[in-house]
Amino acid sequence: MRNLDPEAKARLRRRSRLVHLGRDGEASQGFVNVPPYRGSTVVYPDVATLKSRGQRYTYGTHGTPTTDALCEAWSDLSGAAGTVLVPSGLAAIVVALMAAVEAGGHLLVTDSVYQPTRIFCDDALKRMGVETTYYDPRLGKEIAALMRPNTKAVFVESPGSQSLEVQDIPAIAEVAHAGGACVIADNTWATPLFFSPHAHGVDIAIEAGTKYLSGHSDLLLGLVTAAPDWFKRLHRAVDSMGIPPGPEDVFLALRGLRTLELRLREAERQGLALAQWLEARPEVQRVFHPALPSHPNHALWRRDFSGSSGLFSLILRPVSERAVAALLDGLELFGLGYSWGGYESLVIPFDCSAYRTATRWAPVGPALRFSVGLEDIDDLKDDLERGFERLRAAS
Ligand SMILES: *Cc1c(COP(=O)(O)O)cnc(C)c1O
């Protein structure tokens with residue numbers, strides 16, 4: 001393998017770029033992977049270099065060859081001007097918001113947002129003098145009615161957490177930009193491989209690398225990308241906070257990157273197969289999976305996305321809590337746990353009714369969210385089949 005110049009890299013198709021981006025055979029002494037650089041201090045050759053800050057690496061909080069490798073690759077895949085790394089997906093959201101809002105400003109956030117984002121807005125941002133209004137994720141250009149002269153940012157998350165509403169991001173971005181507001185997107189579900197945020201009007205996009213980029217439930221990482229107009233501000237905001245990610249986590253994320261497309265394609269295949277099977281079950285009232293024609297925003301998903309990941313949710317027909325517990329507690333393959341995007345299947349019950357404020361969440365029955373892993377799909381169905389038997393027996 002030769003070190004590729006930028007032109008040669010740009011010529012490569014995406015699958016090849018996923019393999020080659022961020023690698024530097026010379027710097028790695030011929031080893032295939034960039035190692036996890038650990039370090040605080042970087043020494044300078046002389047006073048002149050120290051005073052002119054004339055070398056790429058200056059101190060551990062400002063980047064290492066390992067973080068540069070991941071940032072180079074992620075910026076390329078995202079079509080972004082640049083990427084910054086932070087220790088978790090939630091930290092990525094916080095950093096994006098801190099780069100865009102200011103005291104006395106107003107913020108629009110989708111009602112379907114990841115709940116910890118909501119807690120940050122309602123608590124920390126409120127104390128800093130930023131007012132948040134939650135909006136119905138089904139709004140497109142109608143969001144204009146909620147814009148104020150001091151609206152600094154519009155936060156989208158598509159599909160939404162738990163309930164998977166797909167948003168009309170280009171329409172929202174047009175309105176936001178007309179009002180001088182920054183568009184921030186939580187793009188964790190799709191990753192840049194299935195939704196290209198900056199090509200759809202997003203200024204700052206975040207990804208919880210904890211999910212599919214890791215793919216193995218063994219790290220926490222956040223990635224934030226920005227369009228050219230926003231990268232300087234984003235970089236300045238992050239650099240002043242002193243929150244670099246751990247070197248081992250960045251190294252593992254780079255390793256995950258090499259197989260990200262393969263794993264996502266498989267998650268898509270498995271997720272759709274299981275969602276279709278569940279949709280036909282008599283115990284299931286409805287399934288929320290954007291790639292199913294029954295999804296209310298399926299047309300938007302088809303227009304803007306190039307794939308679907310393995311995370312979806314469903315509503316059961318009315319049953320007791322005891323019956324749902326009987327289903328879940330006896331599962332052998334599906335783990336009961338938060339997070340998602342790993343190689344192992346997960347399921348979690350959820351209820352957004354307590355915290356949604358712009359929309360009403362009142363399903364006919366209990367709700368479950370699935371993250372489909374890489375197990376044999378027939379084993380997953382068998383596990384759930386036995387679960388539904390327990391549910392019926394406990395009803
Ligand atoms: C998990 C998740 C996050 C947060 O990622 P962490 O690394 O767990 O902090 C943010 N947004 C979405 C949509 C998520 O699912």
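Relevant structure appears above.
This write-up is about the structure you can find in this document.

## Description of the sheet that holds strand β3 (residues 131-135)
In space, the 7 strands of this open sheet follow the order β1-β7-β6-β5-β4-β2-β3, with mixed pairing throughout. Of all the strands in the sheet, the pair left with one neighbour each is β1 (82-86) and β3. For this sheet the average axis-to-axis angle between neighbouring strands, irrespective of direction, equals 20°. Relative to strand β7 (residues 222-226), β1 is paired through 5 bridges, and the arrangement is antiparallel. Residue pairing across strands places Leu85 opposite Leu223, the latter belonging to β7. In the packing of helix α4 (residues 65-78) onto the sheet, contacts are made with β1, β6 (204-208) and β7, and the angle to β1 comes to roughly 130°. Taken strand by strand, helix α6 (residues 115-127) contacts β2 (106-110), β3 and β4 (151-157), and its axis lies near 150° from that of β3.

## Section: the packing of helix α13 (residues 321-329) against helix α14 (residues 377-394)
Closest axis-to-axis distance for the α13/α14 pair is 7 Å, and the angle between their directions is 155°. Here α13 lies roughly antiparallel to α14, going by the angle between them. Once α13 is placed against α14, the crossing between them reads as right-handed. For the pair formed by α13 and α14, the contact residues are Arg322, Ala323, Val324, Ala326 and Leu327 on the first element and Gly387, Phe388, Arg390, Leu391 and Ala394 on the second. Its residues assigned to classes, the contact of α13 with α14 comprises 7 nonpolar, 1 polar and 2 charged.

## Some thoughts on the side chain of Ser112
One can find Ser112 in the loop between β2 and α6. Of note is the side chain of Ser112, whose polar atom sits 2.7 Å from the side chain of Thr110. Here Ser112 is in contact with Pro137, Glu157, Gly160, Ser161, Ser163, Glu165 and Arg356, once residues within four sequence places are set aside.

## Re the packing of helix α5 (residues 89-100) against α6
Closest axis-to-axis distance for the α5/α6 pair is 10 Å, and the angle between their directions is 45°. Taken together, α5 and α6 sit at an angle that is classed as oblique. For the crossing formed where α5 meets α6, the hand is right-handed. The segment α5 lies against α6, with Leu90, Ile93, Val94, Leu97 and Met98 engaging Pro116, Thr117, Phe120, Cys121 and Leu125. Here the contact of α5 with α6 is built from residues that sort into 9 nonpolar, 1 polar and no charged.

## Details of the layout of surface pockets
In this structure, the largest pocket occupies an estimated 650 Å³ of space. What lines the largest pocket is a set of 33 residues, and nearest its centre among them are Tyr114, Ser161, Lys211, Trp340 and Arg369. When residues of the lining of the largest pocket are traced back to their parent elements, those giving at least two are α5, α6, β6 and β11 (346-350). Here the lining of the largest pocket is built from residues that sort into 19 nonpolar, 9 polar and 5 charged.

About the cut-offs
- Residues numbered from 1 in each chain as written.
- Predicted model: local features only at pLDDT ≥ 70, side-chain atom pairs only at ≥ 80, totals over all residues.
- Heavy atoms only, no water.
- Pairing = 2+ DSSP bridges.
- Helix = DSSP H or I, 4+ residues; strand = E, 2+ residues; numbered from the N terminus.
- Axes fitted to C-alpha atoms, helices over the stretch in contact; angles between N-to-C directions.
- Contact = heavy atoms within 4.5 Å.
- Parallel < 35°, antiparallel > 145°, perpendicular 65-115°, else oblique.
- Left-handed = near helix turned anticlockwise from the far one by under 90°.
- Nonpolar A, V, L, I, M, F, W, Y, C, P; charged D, E, K, R; others polar.
- Polar contact = N/O pair within 3.5 Å; in protein donor to acceptor, adjacent residues only side chain to side chain.
- 1 Å grid on protein atoms, 1.4 Å probe; cavity = no way out; pocket = protein on both sides within 12 Å on 5 of 7 lines; lining within 4 Å.
- Points joined across faces, edges and corners; volume = space filled by probe spheres on them.

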